[in-house]
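Architecture and fold: a report
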Amino acid sequence: MANYGLPRRRLCFLFSIATVVCGLSIENNAASFTCRCMPQDACWPVDYIWARFNETVDGKLIATVPIASVCHIDSFTPYDQSQCAQLQSNWGFPATHYEHPSSVMAPVFTNLSCNPFSSKYSPCMIGNYVQYAVNATNAAHIQETINFAARHNIRLVIRNTGHDLLGKSTGAGGLAIWTLNMKHISIMDYDSSYYFGKAMKVGAGVQSFEGSDAAHNAGLAIVSGSCPTIGLAGGYSQGGGHSQLGSHVGLAADQVLEWEVVLANGELVTVSPTNYTDLYWALSGGGGGTYGVVVSMTSKAYPEMPTASGNLSFFDTGVSRDIFFTAVEMFISILPSIGDAGGASVWWLTNTTLAMTPTTIPGGTATLFRSIFSPLIAFLEQKNIQHTYYVDDFPTYYDAFQMTSPPDNITDQLLGGRLIPRTVVERNLPDLIAIFRNIVERNAGFLISGIMVNSSQVAYPNNSVNPAWRDALMDVVIGGMFDYSDWDSNVASQQLITDVLMPPLEALTPGSGAYLNEADPNQKDWQQTFYGDNYDNLLDIKRKYDPDSRLYAFKAVGSEAWTVTEDGHLCHSQGYQRG
């Protein structure tokens, strides 16, 4: 049987995430706020109620033991120096976290509640981790969990892989629906008035590498993440989902044919362009964790194709700063040509290095690839700029991805993000490069990463993807070092991103937005920035399908009606109205 017991001495405590990501904390005022129950409250279910609930979910209930508890003496588990050292060495690998029912990959949203890098004498608390998780393997488990949380006024959290840079998959006092082990995959011939062709149906927990492997074995390719361990049907596709196939066939949300979803009232429904059309529209790009709990997703699949792919890195060693950034400018200037060829480019920039990892042109050739890059390569050689360059033809997109995409580790950084329109690159490139240069030269440890995806050049369906994506040439993310030992440093660095580094990018890109899965948690006017002019329609749909506001996620549609208090309570204003 699953471990549903919980040491009563380990009550959930939270020193507010608000201090780093929103600057807001309030005292619980029962007259104006309704708050979810926490373990320290009289309304929290006693152990035998949890035990009865565990029976209804087939013994799938798991009480949270923080993953780093082995690194602390006063903890849930005995201190173990060797296990702690092993955990520290594996902390940056996604599997360390997604195989665990409560660990998250963005450490800022744990509030260092139980930190493997802090002193073994420091306290290990559940903090901002969920209190319990249900290892859901079917829709019935999800329905029972939703109903239990509603009966007992408990915060409900939807958790898939924990690949979550805005903290949607965790929360103090939360009961998580953990969907990772919903692994069903089937390939079909899909026939509807909307689409005729190959399709793949994946359970909510199917990860990118699993879906891609299954598609490849069937001679197909699917839109999937550059990070192979993301959950395909989770916040990735629900939030838009960029991909190295993005310029060729569109974003992940553009591929969705059907969603199976459990609504906030517990009803299981199938939504499509012809059934629950408003909910289909909202789920396809309007963000995860707020309209319902996805059980499965059916998306388009495409015949495999020859693909050209390659990597390039160049360095500032032995050359002036101006020459190095001239090369950076030349690289950014060729991104439109890559997009026009149906390609995508993943890259990152530090003060000393630009690395492209990789550029991929599905259906293209190495000859085409080299012709696009030839002016830049000639400049690197002429100026004696140290560089490495590799390009080749591959028989399939899958083979290209496996060969040229390096394994991705977790993004334990402080973030800001912006979608950069193509017009900015074509008309204001020197200004954009000046902003990039200022960020990496004047702020030690900061980097810029980007993915060039031209999702506007292919036909895309009517869905709720942020309209800013349709004008964007690339998604750019500012990353700052996260400090596992100095929380005040993290607060200051995140504020630097919000107040100093992001405003020039925003001023250069008026009317654009940000990718809601890779953005500044402090983002001002986040409703418009993350969702564009779709927000009010999305909010209406949220209220229609979740009228009692059972589903909450940070910066998700409707979340402005909630706040987190200093002791971790999630509280809802009864008088809240937007606009």
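Remember, predicted model here, so these are calculated numbers, not experimental data.

A word on the pairing of strand S18 (residues 447–452)
When you tally the buried positions in S18, you get five out of six residues, the bulk of the element. Pairing of strand S14 (residues 344–349) with S18 involves five bridges; the strand directions are antiparallel. Each residue of the ladder has a partner; that of serine 345, found in S18, is methionine 452. Where S18 lies against strand S19 (residues 472–481), six bridges are found, and the strand directions are antiparallel. Paired with isoleucine 451 across the bridge in S19 is aspartate 475.

Things to note about helix H18 (residues 535–545)
Among all positions in H18, only Tyr535, Leu538, Leu539, Ile541, Lys542 and Tyr545 are buried. Angularly, the buried residues of H18 cover 160° about the axis, an arc narrow enough to put them on a single face. Buried positions along H18 lie against helix H9 (277–283) and helix H17 (526–531).

Things to note about unusual backbone geometry
At the junction of threonine 357 and proline 358, the peptide bond is cis and its omega measures out at 0° in the coordinates. One non-glycine residue, leucine 112, lies in positive phi territory at about 55°. Note that leucine 112 resides in the loop between helix H4 (94–98) and strand S3 (132–135). The backbone phi angle of serine 549 is positive, close to 55°, even though this residue is not glycine. Along the polypeptide, serine 549 turns up in the loop between H18 and strand S20 (562–564). Among the residues examined, serine 549 registers a relative accessible area of 12% and is labelled buried.

Some details on the packing of helix H2 (residues 47–56) against helix H5 (residues 139–152)
Viewed as axis vectors pointing N to C, H2 and H5 meet at an angle of 155°, and their least axial separation amounts to 10 Å. Relative to H5, the element H2 is oriented roughly antiparallel. Here the hand of the crossing between H2 and H5 comes out right-handed. Between H2 and H5, the contacting residues are Ile49, Trp50, Phe53 and Thr56 on the first element and Glu144, Thr145, Phe148 and His152 on the second.

What to know about the packing of helix H10 (residues 321–333) against helix H12 (residues 366–382)
It is the contact of H10 with H12, at a shortest axis distance of 10 Å, that shows an interaxial angle of 170°. Taken together, the axes of H10 and H12 are roughly antiparallel relative to one another. Every residue of H12 that contacts H10 at Ile323, Thr326, Ala327, Met330 and Phe331 is listed here: Phe373, Pro375, Leu376, Phe379 and Leu380. Partitioned by chemical class, the residues of the contact of H10 with H12 number nine nonpolar, one polar and no charged.

Considerations on the UniProt feature "domain: FAD-binding PCMH-type" (unreviewed entry) in the chain
Mapped onto the present numbering, the UniProt feature "domain: FAD-binding PCMH-type" (unreviewed entry) falls on residues 125–304. Secondary structure content for residues 125–304 is 23% helix and 28% strand, and the end C-alpha separation is 48 Å.

With respect to the pairing of strand S5 (residues 175–178)
Going residue by residue along S5, you find Leu175 and Ile177 tucked away on one face and Ala176 and Trp178 tucked away on the opposite face as well. Both S3 and S5 contribute to a ladder of four bridges, which runs parallel. Directly across from asparagine 135, in S5, lies its bridge partner tryptophan 178.

What to know about the nonpolar core
In terms of nonpolar packing, the biggest core is built from 139 residues, with Ile332, Trp347, Phe373, Leu432, Phe436 and Met474 touching the most fellow members. Apart from residues lying up to four places away in sequence, phenylalanine 373 is in contact with Leu312, Phe331, Ile334, Ile338, Met356, Thr359 and Tyr389. In this structure, Tyr132, Ala264, Val295 and Leu551 belong to the second largest nonpolar core, which totals 27 residues.

A few points about the domain arrangement of the chain
Assigned domains within the chain: domain 1 (47–178), domain 2 (185–304 + 540–546) and domain 3 (307–531). Counting from both sides, the interface comprises 13 residues of domain 1 and, opposite them, 21 residues of domain 2. Taken as a group, Ile146, Ile158 and Asn160 account for 36% of the area that domain 1 buries against domain 2, more than any other trio of residues on that side. Along the contact surface separating domain 1 from domain 2 lie zero salt bridges. On inspection of domain 1 and its partner domain 2, the count reaches three residue pairs in polar contact (both at pLDDT 80 or more). Mapped onto the side of domain 1 that touches domain 2, the elements with two or more residues apiece are H4 and H5. For the side of domain 1 that touches domain 2, a count of residues per class yields seven nonpolar, five polar and one charged.

A few points about the state of the cysteines
The tally for this structure, following the rule as stated, stands at four disulfides. Each disulfide pairs two cysteine sulfurs, and for cysteine 37 the partner residue is cysteine 43, the sulfurs being separated by 2.0 Å. Between cysteine 37 and cysteine 43, the disulfide has an S-S torsion of -130° and is therefore left-handed. Overall, the relative accessible area of 4% leaves cysteine 37 in the buried class. Two residues, cysteine 114 and cysteine 124, share a disulfide whose sulfurs are 2.1 Å apart. One disulfide, between cysteine 114 and cysteine 124, carries an S-S torsion of -100° and so falls in the left-handed class.

Points about the environment of lysine 120
Here lysine 120 is to be found in the loop between H4 and S3. Since its relative accessible area comes to 31%, lysine 120 is described here as partly exposed. Separated by 308 residues in sequence, lysine 120 and asparagine 428 have C-alpha atoms that sit 51 Å apart. If we skip the residues at most four places from it in the chain, lysine 120 touches Cys71, His72, Ile73 and Tyr79.

Digging into the environment of asparagine 128
Residue placement: asparagine 128 occurs in the loop between H4 and S3. Taking relative accessible area as the criterion, asparagine 128 reaches 6% and is therefore assigned buried. For the pair formed by asparagine 128 and serine 102, sequence separation is 26 residues and the distance between their alpha carbons is 9.8 Å.

What counts, and at which threshold
- Residues numbered from 1 in each chain as written.
- Predicted model: local features only at pLDDT ≥ 70, side-chain atom pairs only at ≥ 80, totals over all residues.
- Heavy atoms only, no water.
- Buried < 20%, exposed > 50% of the residue type's maximum accessible area, 1.4 Å probe, protein only.
- Helix = DSSP H or I, 4+ residues; strand = E, 2+ residues; numbered from the N terminus.
- Pairing = 2+ DSSP bridges.
- Arc of directions from axis to C-beta.
- Contact = heavy atoms within 4.5 Å.
- Axes fitted to C-alpha atoms, helices over the stretch in contact; angles between N-to-C directions.
- Parallel < 35°, antiparallel > 145°, perpendicular 65-115°, else oblique.
- Left-handed = near helix turned anticlockwise from the far one by under 90°.
- Nonpolar A, V, L, I, M, F, W, Y, C, P; charged D, E, K, R; others polar.
- UniProt positions renumbered as here; feature names shortened; annotations may be inferred.
- Core = buried A, V, L, I, M, F, W, Y, C linked by side-chain atoms within 4.5 Å.
- Domains from an automatic or database assignment.
- Buried area = accessible area lost by both parts, 1.4 Å probe.
- Salt bridge = Lys/Arg side-chain N within 4 Å of Asp/Glu carboxyl O.
- Polar contact = N/O pair within 3.5 Å; in protein donor to acceptor, adjacent residues only side chain to side chain.
- Disulfide = S-S within 2.5 Å.

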